[in-house]
Amino acid sequence: VLGVVASVTFAYRRSHLTDKPFSLTNSGDSLENSDVSAVKDVARQFALRIDSLSSSDVNSFFTSVGQVLTTKCRTDLDKSKDVLSSSVGSVAFTTKGYVRSIGIASIDHDSAVVGIVHDSVKTATASKQSLATQNRWTVSEVKVDGKWLVDGFTDPDHGGEFCS
């Protein structure tokens, strides 16, 4: 009898692969790959959008970043619009982001924490001189009406928190 139970359990687990610990009560069901992919994609899009700023079009920056934020974060971002617009200054520049690595620290069915490493390259339009900055962020996400959105992030290298 023990051999039959072990064989059935092994066959069931083999057809329901998961990274969960082995147990007889574990259904083998893991989070959908679509959730994992969606969470990583939102973090990637958030970083790339934050890193895509043109001094000549600050408004499109706010529109683009706002599309991946919760309502709470979008409200916080809108509060900084005047400060960012006035601090851009007279030197024309663009920034571009490059994602180096993304990893999920924790995830459940309606929230996730993602670590992301990305570079931001700021280029002065006139001189073509560039300055690269490496960033390590922790991005918090929540699922709102079936869609993953950024609900805050921390930047330990530069001491910043946003919507946290």
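Please refer to the structure placed before this passage.
Residues numbered from 1 in each chain as written. Predicted model: local features only at pLDDT ≥ 70, side-chain atom pairs only at ≥ 80, totals over all residues. Heavy atoms only, no water.

Regarding the overall build of the protein chain
The cut-off we apply is this: Helical segments are the DSSP runs of H or I of at least four residues, strand segments are the runs of E of at least two, and each set is numbered from the N terminus. Type-normalised accessible area, obtained with a 1.4 Å probe on protein chains alone, sets the label of each residue: buried when under 20%, exposed when over 50%, and partly exposed for intermediate values. Here a residue-residue contact requires only that any non-hydrogen atoms of the pair lie within 4.5 Å. Per-residue and other accessible areas were derived by the Shrake-Rupley procedure at a 1.4 Å probe size, with only the shown protein chains allowed to occlude residues.
Within the protein chain, the regular secondary structure consists of five helices and five strands. Each of the 164 residues in the protein chain was classed as buried or not, and the buried ones make up 30%. By sequence separation, contacts in the protein chain at least 24 residues apart represent 46% of the contacts at least 6 residues apart. Per element, the accessible surface of the protein chain, about 9900 Å² overall, is 54% carbon and sulfur.

So, the environment of T95
For clarity, the threshold we go by: Definition of a polar contact: a pair of N or O atoms within 3.5 Å, with one able to donate and the other able to accept a hydrogen when the atoms are protein atoms, and with sequence-neighbouring residues admitted only if both atoms are side-chain atoms.
Mapped onto the elements, T95 comes out in strand β1 (residues 93-107). Each C-alpha atom, one on T95 and one on S55, is 8.9 Å from the other, the two residues being 40 residues apart in sequence. Polar contacts involving the side chain of T95 include one to the main-chain carbonyl oxygen of D51, which spans 2.7 Å.

A look at the packing of aromatic side chains
We count it as follows: Two rings from Phe, Tyr or Trp (for Trp, the six-membered ring) form a pair when their centres sit within 6.5 Å of each other. Planes less than 30 degrees apart are called stacked, planes more than 60 degrees apart edge-to-face, and all others tilted. Note on geometry: a ring has a charge over it if NZ (lysine) or CZ (arginine) is within 6 Å of the ring centre and within 35 degrees of the ring normal.
As enumerated under the stated definition, the model contains four aromatic pairs in all. Ring plane angle 85 degrees and centroid distance 5.3 Å describe the contact between F61 and F62, whose orientation is recorded as edge-to-face. Taken individually, F61 and F62 each receive the classification buried, so the pair is uniform in this respect. Here the aromatic residues F46, W137 and F153 are joined through ring pairs into a cluster of three or more. Between K122 and the ring centre of F93, over which it is positioned, the NZ or CZ distance is 4.4 Å.

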